[in-house]
Amino acid sequence: ATLRAAAPYQKSRRKRAIGTRKEGRLVHVFKDDFRIKRMSRKAGTLVIFCVDASGSMALNRMNAAKGAAIQLLSDAYKSRDKIALITFHGDR
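Fair warning: this is a prediction, and the values are worked out from it, not measured in the lab.

Caption draft 1: Examining the overall build of the protein more closely. Scanning the protein from N- to C-terminus turns up three helices and two strands. Written out in order from the N terminus, the α and β elements of the protein read α-α-β-α-β. The C-alpha atoms of the protein give a radius of gyration of 29 Å, which is well past the 12 Å a tight globule of 92 residues would have. When the backbone C-alpha atoms are referred to their principal axes, the protein occupies close to 85 × 20 × 20 Å. Considering the protein as a whole, with its 92 residues, one finds that 16% of them fall into the buried category. By sequence separation, contacts in the protein at least 24 residues apart represent 60% of the contacts at least 6 residues apart. Across the protein, the centroid of the 21 positively charged side chains sits 11 Å from that of the 7 negatively charged ones.

Caption draft 2: Just helix α3 (residues 58-79), in detail. With 22 residues, α3 should reach 32 Å at 1.5 Å per residue; the first-to-last C-alpha distance of 31 Å fits that figure. Those residues of α3 that fall on the buried side of the exposure criterion are A58, M62, A65, A69 and A76. In the core, the buried residues of α3 are packed alongside β1 (46-52) and β2 (82-88).

Caption draft 3: Region of interest: the side chain of Q10. Checked against the element boundaries, Q10 lands in helix α2 (residues 10-17). What makes Q10 buried here is its relative accessible area of 9%. At 2.8 Å, the side chain of Q10 forms a polar contact with the backbone nitrogen of H28. When neighbours within four sequence positions are excluded, Q10 is seen to be in contact with L26, V27 and H28.

Caption draft 4: Molecular detail of the packing of aromatic side chains. Enumeration over the complete set of coordinates arrives at zero aromatic pairs. The ring of F30 is capped by R13, whose NZ or CZ atom sits 4.1 Å from the centre of that ring.

Caption draft 5: Structural context of the confidence of the model for the protein. With 90% of its residues at a pLDDT of 70 or more, the protein has an overall mean of 80. α2 holds the highest mean pLDDT among the elements of the protein, 90, whereas α3 holds the lowest, 76.

Each value, and the rule that gives it
- Residues numbered from 1 in each chain as written.
- Predicted model: local features only at pLDDT ≥ 70, side-chain atom pairs only at ≥ 80, totals over all residues.
- Heavy atoms only, no water.
- Helix = DSSP H or I, 4+ residues; strand = E, 2+ residues; numbered from the N terminus.
- Rg over C-alpha atoms; globule rule 2.2 N^0.38 Å.
- Buried < 20%, exposed > 50% of the residue type's maximum accessible area, 1.4 Å probe, protein only.
- Contact = heavy atoms within 4.5 Å.
- Lys, Arg positive; Asp, Glu negative; His and termini not counted.
- Charge placed at Lys NZ, Arg CZ, Asp CG, Glu CD.
- Expected span 1.5 Å × (residues − 1).
- Polar contact = N/O pair within 3.5 Å; in protein donor to acceptor, adjacent residues only side chain to side chain.
- Phe/Tyr/Trp six-rings, centres within 6.5 Å; stacked < 30°, edge-to-face > 60°.
- Lys NZ or Arg CZ within 6 Å of the ring centre and 35° of its normal.
- pLDDT = per-residue confidence, 0-100.

Structural data, given as structure tokens:
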């Protein structure tokens, strides 16, 4: 954005620079050309883990899901993320 703001004035700025120490510059950027963009905060992301708690592998699946959720929670505070862990067993 800064270079785009300076681009329309390059011809006149080169003419004014003749005979000065700025004459050899390819691009003339002045203080008024600088553009600053403030980043807006992103909305948090919702991650949902749904784990089938039925059967013999239920404990392993639960431990894997808990481990993944805890790992995501470590960074969730900074990025405003939300994490949910939902377990179900058969029809429930």
